[in-house]
Each structure stands twice: as C-alpha cells, then as structure tokens.
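What the coordinates show
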Amino acid sequence: MKNIKTYIETHKNRFIDELIQILKIPSVSADSAYKKDVLLTADFVKKSLEKAGCDLVEICETPGYPIIYGEKIIDKSLPTVLVYGHYDVQPADPIDLWDSPPFEPVIKSTEIHPEGAIFARGACDDKGQMYMHVKALEYMTSTGNLPCNVKFMIEGEEEVGSESLAWFVPRNKEKLANDVILISDTGMIANDIPSITTGLRGLSYVEVEVTGPNRDLHSGLYGGAVANPINILTKMIASLHDENNHITIPGFYDNVEELSLEERAEMAKAPFSLDKYKEALKIDEVFGEEGYSTNERNSIRPTLDVNGIWGGYTGEGAKTVIASKAYAKISMRLVPNQDWREVTQLFKTHFESIAPNAVTVVVKPHHGGQGYVTPTDNIAYKAASKAYETTFGKTPIPQRSGGSIPIVALFEQELKSKTILMGFGLDSDAIHSPNEHFGIFNYLKGIETIPNFYKYFTELSK
C-alpha cells in the first residue's frame with residue numbers, strides 16, 4: 001500500500017469530479033417523482049463498479065428499487081469482504097434553507113474543512129462515503145494490491161427503511177456469503193481524532209393522523225364547541241415526555257440496555273466540548289433526559305422526536321379555520337434489546353388510548369430496525385483499528401453512534417457475519433439537513449484508509 005498516497009494525488013481531481021457527477025442526480029427514494037433519477041443513479045453505480053475492476057456487476061431487481069451487486073473474486077481460499085452502501089438520498093426540503101442548490105454540488109472552504117468540502121444532498125450520507133469504496137477498489141485492482149475477495153451490495157432504499165434489501169438478502173445468502181461486512185455510513189469524532197462506530201441505535205418510524213369534524217370549520221362559528229384536531233394532537237405529543245424528558249409510553253424502557261458506570265466512564269473519555277457543541281448549533285443550552293450527559297443522550301439512550309407536524313391553513317395571510325385533520329411523523333431511536341416492532345405496537349396502543357372521544361386517531365407504522373453493537377475483540381475490528389492508525393497516525397476511539405442503519409442487525413441474522421463501521425463523516429456535515437457537505441480531506445482519507453483494512457484483515461485471517 002506504499003504507493004496509495006501517490007495514486008490518490010495523481011487521480012484526486014478525477015475522484016472529486018466523479019463524486020460530483022453522482023451527486024448531481026436527485027436520487028430521492030422517498031418521493032416517487034424522482035423514480036427516474038433513482039434508477040439513473042443505480043446505473044451510474046453499476047458502471048462505476050465495472051470501471052473500478054469488478055469482474056461481475058448486476059442490477060438486481062427487487063419489489064422496489066434495484067440493488068447493485070458487484071464482485072471481484074481473486075481466490076476463493078482468501079477472505080471475502082462484503083461492502084454495503086446506499087445510493088438513495090434524503091429529500092432536500094426545506095430548499096430555501098440551502099445556501100446553494102442541493103443537487104448542484106459546490107466546493108467551499110469552511111473552518112472545519114479549510115481544504116474544501118462538497119456541498120450537496122447525499123455528499124456524506126451516503127454517496128460520498130459509498131463512493132470511497134469504489135475508488136479504493138480501483139486503486140487496489142489497478143495497482144495489484146487487492147489482497148482478498150470483495151463483493152458490493154449497494155441499495156436504493158436505505159432512507160425509506162430498506163424493505164427491498166430485507167427481501168433480497170434472505171434470497172441471496174450464497175451470493176452474499178462473506179467473512180465480514182464493511183460499511184461507511186457513519187462518522188468519526190474529528191479529522192484529527194479518528195474513531196470507529198461500535199454501536200447503532202434502532203428505529204421505529206410512525207405517522208399519526210387525528211380526525212375531528214368531517215370538514216374544516218369556521219373557527220368563529222364552531223371554535224370552543226368542537227375539538228380542534230391540531231390542539232388535541234399537540235397535547236397528545238406533549239404528554240409523551242414527562243418533566244424529566246423521560247418517555248411516558250408504558251413498557252417503553254422494559255428492555256433498554258443499561259450500561260454500567262464503568263462503561264459510561266469509558267465513553268466519557270472521548271474528547272467533547274459542550275461549549276463548542278452549543279456554539280456549532282447556535283443554542284444557549286442543551287436539552288434531554290435527566291441524569292445523562294449529552295453524548296449519552298444521543299447514543300446509548302432511546303428517544304422520541306416529532307419529525308414533522310401539519311394541519312389546517314399554512315399559506316400566506318390568515319384563514320380562520322378549525323382543520324378536520326392534523327398529522328405528525330414521529331421517530332423513536334432505540335437501543336440494543338429494544339425490538340422495534342414491539343415498541344411500535346407500544347406506541348400505537350398508548351397513543352390511541354390517550355385520545356379524547358372527540359377525535360379519532362390512526363397510527364400508521366412506516367419502517368424500523370434493530371439496534372446493533374459490534375464487538376471490539378475480533379480480527380475485523382483490529383484490522384480497522386490498524387488501518388486508521390496507518391493513515392491517521394493515531395489509534396481510533398471506539399464510539400457508539402446515535403444514528404441507525406436498520407439493515408445491520410438483519411445482516412448478522414441472515415448472513416451470520418459481523419459488521420465493521422468505518423465512517424469518515426463528521427457530526428457537523430449536516431446530513432439530513434440543508435447544506436449537507438463532505439470534506440475533501442475526509443473523502444480522500446477514506447479512499448486511503450479502506451485498502452489498509454483489506455490488507456490487515458487478510459493478514460489477521462491467516
């Protein structure tokens with residue numbers, strides 16, 4: 001791997017240009033209006049894997065968006081790494097909060113990224129991080145440095161729950177057989193403090209609908225005499241947390257994994273400045289469950305958040321109306337041992353039970369997934385750690401993430417292999433938000449680090 005830095009420097013501009021090209025395609029899986037673009041992105045990934053050196057690349061049809069499968073098998077007696085990523089992106093809304101159009105990538109310098117960052121939807125989550133693996137493969141195949149077998153499984157529905165992947169994996173166990181699964185859809189503490197994600201929270205995502213009268217009503221003629229679904233919905237949502245920001249759904253915490261004081265003390269060793277955290281978010285104070293630190297609240301504790309709420313008149317000017325319906329989208333981030341289906345049912349039962357008789361409530365589950373904790377004592381973790389040490393000059397810190405990759409638990413269940421989460425994004429990269437971006441340093445450093453994982457994993461597997 002001695003010549004990897006030279007290779008990256010030689011091809012740096014092309015690597016960046018190729019990423020910009022895929023970022024221009026609005027592959028929003030949540031909105032059917034972008035179906036053609038999602039399929040166009042799938043074709044882009046297929047062609048990229050072919051150019052990078054895969055001997056076999058297939059667009060695998062599913063009940064939803066296709067999965068791109070690629071492989072480079074050099075010797076069946078050698079270990080096999082399965083790379084997972086996704087080519088779909090979150091919706092760009094609200095568009096007016098972007099400083100530049102979300103699908104017209106621009107490179108700008110920032111305080112954290114003085115060498116420049118690419119601003120575009122999907123830059124970090126996950127096109128930029130997925131494409132690092134494609135370019136890492138290109139380096140290894142073109143220079144004769146691929147030490148083991150590699151397979152790729154790149155999907156187009158991660159941002160909407162990975163239903164088609166859940167359908168695909170059990171039907172293709174032999175095709176997907178591997179010794180370890182490698183994912184870059186997480187982050188690290190800072191550009192000078194590498195870390196490896198060792199835990200992910202699970203997810204339960206629901207939509208609620210509250211209905212009052214059979215039509216919108218004049219708020220003067222009917223106000224005070226008929227239940228207002230928006231008023232009712234906001235009260236119901238407010239009741240889901242108590243004065244200590246503890247979730248009030250009966251049974252919600254029954255299976256929550258409680259970390260020991262020793263484990264929490266180990267977590268607290270990770271560098272963290274509360275003042276810088278507040279400054280970055282432009283907030284005066286943090287907020288959350290009583291008795292836990294900020295880093296504990298967003299990683300090892302479950303949460304319940306409203307992701308969207310609407311109803312009634314929201315246009316320009318005034319319209320005095322009591323809406324017939326009110327809606328909200330709610331996500332619950334879960335910790336290991338919480339089953340997302342059980343939690344979804346607990347939410348549904350509770351939310352329906354607290355509704356007054358003046359309204360009707362419908363809870364619609366959308367998608368979810370289990371939490372995951374990866375061991376730190378196996379050869380895959382050791383290989384990842386050595387890879388970061390080689391390129392960053394520092395031993396990475398194990399860190400639990402607050403995010404979710406629901407399919408990871410399914411991989412272990414169906415494919416019987418562990419997952420290593422080698423992320424190169426930063427918390428400040430604004431994934432899922434306006435002005436999402438990915439540092440040029442991070443993108444190129446990922447391409448440099450990934451081949452070292454292959455090298456060390458192969459060596460340690462002997």
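The structure contained in this document is the topic of the report that follows.

What counts, and where the lines are drawn
- Residues numbered from 1 in each chain as written.
- Predicted model: local features only at pLDDT ≥ 70, side-chain atom pairs only at ≥ 80, totals over all residues.
- Heavy atoms only, no water.
- Helix = DSSP H or I, 4+ residues; strand = E, 2+ residues; numbered from the N terminus.
- Buried < 20%, exposed > 50% of the residue type's maximum accessible area, 1.4 Å probe, protein only.
- Contact = heavy atoms within 4.5 Å.
- Areas by Shrake-Rupley, 256 points an atom, 1.4 Å probe, with all protein chains shown as cover.
- Salt bridge = Lys/Arg side-chain N within 4 Å of Asp/Glu carboxyl O.
- Pairing = 2+ DSSP bridges.
- Axes fitted to C-alpha atoms, helices over the stretch in contact; angles between N-to-C directions.
- Parallel < 35°, antiparallel > 145°, perpendicular 65-115°, else oblique.
- Left-handed = near helix turned anticlockwise from the far one by under 90°.
- Expected span 1.5 Å × (residues − 1).
- Core = buried A, V, L, I, M, F, W, Y, C linked by side-chain atoms within 4.5 Å.
- Phe/Tyr/Trp six-rings, centres within 6.5 Å; stacked < 30°, edge-to-face > 60°.
- Arc of directions from axis to C-beta.
- Polar contact = N/O pair within 3.5 Å; in protein donor to acceptor, adjacent residues only side chain to side chain.

Quick look at the overall build of the chain now. When helices and strands are tallied, the chain shows 12 helices and 18 strands. Burial analysis of the chain (462 residues in total) assigns 54% to the buried set. The long-range share in the chain, meaning contacts at least 24 apart out of those at least 6 apart in sequence, stands at 79%. Summed over all atoms, the accessible surface of the chain reaches about 20700 Å², with 50% contributed by carbon and sulfur.

On to the environment of Thr198. Along the polypeptide, Thr198 turns up in strand S8 (residues 195–200). Linking Thr198 and Ile16, residues 182 residues apart in sequence, is a C-alpha distance of 29 Å. In this view, Thr198 contacts Tyr372, Val373, Thr374, Thr376, Tyr381, Pro398, Gln399 and Arg400; residues no more than four positions away in its chain are not counted.

Moving on to the pattern of salt bridges. Overall, the coordinates contain 23 salt bridges when judged by the stated rule. For Glu257, the salt bridge goes to Arg400, with nearest N and O atoms at 3.0 Å. Here Glu257, found in the loop between helix H5 (229–238) and helix H6 (261–267), pairs with Arg400, found in strand S16 (residues 397–400); they are 143 residues apart in sequence, far enough to count as distant. By relative accessible area, Glu257 is classed as partly exposed at 23%. A residue is classified by how much of its surface remains accessible, and Arg400, at 18% relative accessible area, is buried.

Let's shift gears to the sheet that holds strand S5 (residues 117–119). Spatially, the 3 strands line up as an open sheet ordered S4-S5-S18, and their pairing is antiparallel. What marks the edges here is a single partner per strand, and that holds for strand S4 (106–108) and strand S18 (437–439). With direction set aside, neighbouring strand axes in the sheet form an average angle of 30 degrees. Note that S5 and S18 share 3 bridges and pair antiparallel. Paired with Phe119 across the strands is His437, a residue of S18.

Take the packing of helix H4 (residues 163–171) against helix H11 (residues 407–415) next. Where H4 meets H11, the axes come as close as 10 Å, and the angle between the chain directions of the two elements is 15 degrees. Here H4 is positioned roughly parallel relative to H11, judged by the angle of their axes. Once H4 is placed against H11, the crossing between them reads as right-handed. In this structure, H4 contributes Leu165, Ala166, Val169 and Pro170 to the contact, and H11 contributes Ile407, Leu410, Phe411, Glu414 and Leu415.

Let us look at helix H3 (residues 127–143). Here H3 is 17 residues long and its end C-alpha atoms lie 24 Å apart, about the 24 Å a rise of 1.5 Å per residue gives. Judged by how many residues are buried, H3 sits mostly within the fold: 14 of 17 residues are covered. Of the residues one or two after H3, Gly144 is the one with positive phi, at around 75 degrees.

Another point: the nonpolar core. By size, the foremost hydrophobic cluster in this structure holds 65 residues, and its most contacted members are Val81, Tyr87, Ile420, Met422, Tyr443, Phe453 and Tyr454. If near-sequence neighbours (up to four positions away) are discounted, Ile420 is found in contact with Val180, Ile181, Leu182, Ile183, Thr374, Ala380, Tyr381, Ala384 and Phe453. Residues Val210, Met236, Leu304 and Phe351 belong to the second largest nonpolar core, which totals 29 residues.

Now for the sheet that holds strand S14 (residues 360–369). On the basis of which strands lie adjacent, the open sheet formed by 4 strands has the order S11-S13-S9-S14 and antiparallel pairing. Single-partner strands in this sheet number two, and they are strand S11 (303–311) and S14. Taken over all neighbouring pairs, the strand axes of this sheet differ in orientation by 15 degrees on average, direction set aside. Sheet topology note: the strand S9 (residues 202–211)/strand S13 (residues 325–334) ladder contains 10 bridges and is antiparallel. Residue pairing across strands places Thr211 opposite Lys325, the latter belonging to S13. Along the sheet face, helix H9 (residues 340–353) touches S9, S11, S13 and S14 and points at about 165 degrees away from the line of S14.

It is worth spelling out the packing of aromatic side chains at this point. Counted by the stated rule, this structure contains 14 aromatic pairs. The interplanar angle of 65 degrees and the centroid separation of 5.4 Å between the aromatic rings of Tyr7 and Tyr139 together place this pair among those described as edge-to-face. One end of the pair, Tyr7, is in helix H1 (residues 4–23); the other, Tyr139, is in helix H3, with 132 residues separating them in the sequence. For the pair formed by Tyr7 and Tyr139, the shared burial category is buried. A centroid spacing of 5.2 Å and a plane angle of 10 degrees characterise the contact between Trp310 and Tyr327, whose relative ring orientation is stacked.

For H9, spanning 14 residues, the distance from its first C-alpha to its last is 20 Å, which sits close to the expected 20 Å at 1.5 Å a residue. Every buried residue belonging to H9 is among Trp340, Val343, Thr344, Phe347, His350 and Phe351, and all of these are buried. Down the axis of H9, the sector holding all buried residues measures 140 degrees, keeping them to one side. Looking at H9, the residues exposed on the side facing more than 90 degrees away from the buried face are Arg341 and Ser353. Put simply, Asp339 is the residue that caps the front of H9, since its side-chain oxygen is 3.0 Å from the backbone nitrogen of Arg341.

Once that is clear, we can look at the environment of Ile247. With respect to the secondary-structure elements, Ile247 resides in the loop between H5 and H6. When the C-alpha atoms of Ile247 and Glu289 are compared, they prove to be 8.8 Å apart, with 42 residues separating the residues in sequence. Beyond its immediate chain neighbours, meaning those up to four positions away, Ile247 contacts Leu240, His241, Phe252, Tyr253, Pro302, Thr303 and Leu304.

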